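The chain contents come next:
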Amino acid sequence: MGGGLSRHELAAAVSEAGGLGTIAVGGAVAIARELAAARALTGQPLAVNILLPFARRDWFEAAASADVVVTFWGKPRRRTPGVWLHQCGSLAEARTAHAAGADAVIVQGVEAGGHVRGVTPAMELFERIAGALPGGYPLLLAGGIATREDVARALGAGAVAAVAGTRFLLSEESRAHPEYRKRLLAAERTLLTELFGAGWPASHRVIANAATEHWLGRDPRGPRLNRTLNRLLAPAVRYVPAGMQGRMARAQTPGSRLLTPLGPTDDGPDNLIDAGALYAGETVARIDSVRPAAELVGALTP
Ligand SMILES: Cc1cc2nc3c(=O)[nH]c(=O)nc-3n(C[C@H](O)[C@H](O)[C@H](O)COP(=O)(O)O)c2cc1C
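Residues numbered from 1 in each chain as written. Predicted model: local features only at pLDDT ≥ 70, side-chain atom pairs only at ≥ 80, totals over all residues. Heavy atoms only, no water.

J.: In this structure, what is going on with the overall build of the protein chain? I would like to understand it.
T.: Secondary structure summary: the protein chain contains 13 helices and 10 strands in total. A globule of 302 residues ought to have a C-alpha radius of gyration of about 19 Å, and the protein chain, at 18 Å, matches this closely. Referenced to the eigenvectors of the C-alpha coordinate spread, the extents of the protein chain come out at roughly 50 × 35 × 35 Å. Counting over 302 residues, the protein chain shows a buried share of 51%. When contacts within the protein chain are restricted to residue pairs at least 6 apart in sequence, those whose partners lie at least 24 apart make up 57%. Taking the average location of the 32 positive side-chain charges in the protein chain and that of its 27 negative ones, the two points are 9 Å from each other. (Helix = DSSP H or I, 4+ residues; strand = E, 2+ residues; numbered from the N terminus. Rg over C-alpha atoms; globule rule 2.2 N^0.38 Å. Buried < 20%, exposed > 50% of the residue type's maximum accessible area, 1.4 Å probe, protein only. Contact = heavy atoms within 4.5 Å. Lys, Arg positive; Asp, Glu negative; His and termini not counted. Charge placed at Lys NZ, Arg CZ, Asp CG, Glu CD.)

See below:
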């Protein structure tokens, strides 16, 4: 979970409990720092996630010492020598990742939280991909995983592992802002939108806040003008230096036409609660507690 929602505390706790914890931060320095901090907490394997629209060469150099590198949202291509997974939202993308030498693919269903790559429910897409790629090629399933029964269903369908985001957003170790957690615990439904698309014009699943109330009238994707501006300005916004991006995020209000993809972290600006993306998957309706990550790994393991 990017934007610093999943850092060393959560990744190490998940790995230490027998899962594979994933660090998701931007920038080579932050990747190296979080990986070193997680290594100090656990001797178990750790993953680093890299968002391809933002990645630069030195991010891969920093991530190369992780046990697993997971890439998302872009042309799958091997960039590190170790174990490499690519998260996919369609059969075509899974075929490309397989052909590019990915060691496994994560099949992401449309019910997932955060950025949503495809339009098909996880189980349906999983069956389609499993039927098309060579037998024995490892597939993981993401989207809709919040209980042991969900994991058992994924494994029963042939997945080698289940991937959970939203459930761990509501762990003690996630870096979600306390008010963001409170809203997640109260949420019953999610929205699939393109509203928070400055720098990354793409579909994402969130819960409602003042920004979505302000902008999402007729079209859940957001007004056409906002989406056009996001598309046109993406290459420029993406290369705005980190410090200026932070200032942009702090200045953001629910009525801003350009809304960045940053979510509210416990050390980030408070205005992102109502002016930022409150990412969540459909499972949010079934989650009513914040628990230690180790307890969650145990509760999810069949
Ligand atoms: C808050 C949040 C942030 C996310 N950020 C990323 C990310 O940076 N990179 C990525 O590959 N996937 C990201 N995802 C998507 C997850 O990899 C995964 O597909 C999703 O969490 C699975 O669905 P679930 O949320 O229902 O468990 C994010 C998901 C959430 C909930």
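J.: Would you mind showing me how to read the site of the ligand here?
T.: The full set close to the ligand counts 20 residues, and N49, Q87, Q108, G165 and T166 are the nearest of them. Here G2 contributes a backbone N or O atom positioned 2.9 Å from an oxygen atom of the ligand. Contact distances for the ligand include 2.9 Å between an oxygen atom and a side-chain N or O atom of Q108. Here the ligand, which alone exposes 590 Å², has 94% of that area covered by the protein. (Near = heavy atom within 4 Å. Polar contact = N/O pair within 3.5 Å; in protein donor to acceptor, adjacent residues only side chain to side chain. Areas by Shrake-Rupley, 256 points an atom, 1.4 Å probe, with all protein chains shown as cover.)

J.: What is the right way to read the packing of aromatic side chains from this model?
T.: Geometry of an aromatic ring pair is reported as the spacing of the ring centres plus the angle between the planes. Under the counting rule described, the total for this entry stands at 3 aromatic pairs. Their ring planes at 90° and their centres at 5.3 Å tell us that F72 and W73 sit as a pair that is edge-to-face. Note on F72: relative accessible area 6%, which makes it buried. The interplanar angle of 90° and the centroid separation of 5.5 Å between the aromatic rings of W73 and W200 together place this pair among those described as edge-to-face. Taken as a pair, W73 in the loop between β3 (68-72) and β4 (83-88) and W200 in the loop between β9 (191-193) and β10 (204-206) lie far apart in primary sequence, 127 residues in all. Residue classification places W73 among the buried positions, given a relative accessible area of 14%. Looking at W200, the relative accessible area reads 5%, which means it is buried. Cluster of aromatic residues (ring-pair linked, three or more members): F54, F72, W73 and W200. Over the face of the ring belonging to W73 we find R117, whose NZ or CZ atom lies 4.7 Å from the ring centre. (Phe/Tyr/Trp six-rings, centres within 6.5 Å; stacked < 30°, edge-to-face > 60°. Lys NZ or Arg CZ within 6 Å of the ring centre and 35° of its normal.)

J.: Which parts of the structure should I look at to understand the pairing of β4?
T.: In summary, the side chains of a regular strand alternate between the two faces of the sheet. Most of β4 sits inside the fold, with 5 of its 6 residues counted as buried. Taken together, the 5 bridges between β3 and β4 define a ladder with parallel strand orientation. When the sheet's bridge partners are listed, V69 is paired in β4 with W84. As paired strands, β4 and strand β5 (residues 104-108) are joined by 4 bridges and run parallel to one another. (Pairing = 2+ DSSP bridges.)

J.: Honestly, the packing of helix α4 (residues 91-99) against helix α5 (residues 122-132) in this entry has me stumped. Any pointers?
T.: Working note: a packed helix pair is described by the angle between its axes plus the distance between those axes. Taken N-terminus to C-terminus, the directions of α4 and α5 make an angle of 40°; their axes are 10 Å apart at the nearest point. As judged from the angle between their axes, α4 and α5 are oblique. Judged by the sense of rotation from one axis to the other, the crossing of α4 with α5 is right-handed. The residues of α5 that touch α4, namely those facing L91, A94 and R95, are L125, R128, I129 and A132. Residues belonging to the contact of α4 with α5 are distributed by class as follows: 5 nonpolar, no polar and 2 charged. (Axes fitted to C-alpha atoms, helices over the stretch in contact; angles between N-to-C directions. Parallel < 35°, antiparallel > 145°, perpendicular 65-115°, else oblique. Left-handed = near helix turned anticlockwise from the far one by under 90°. Nonpolar A, V, L, I, M, F, W, Y, C, P; charged D, E, K, R; others polar.)

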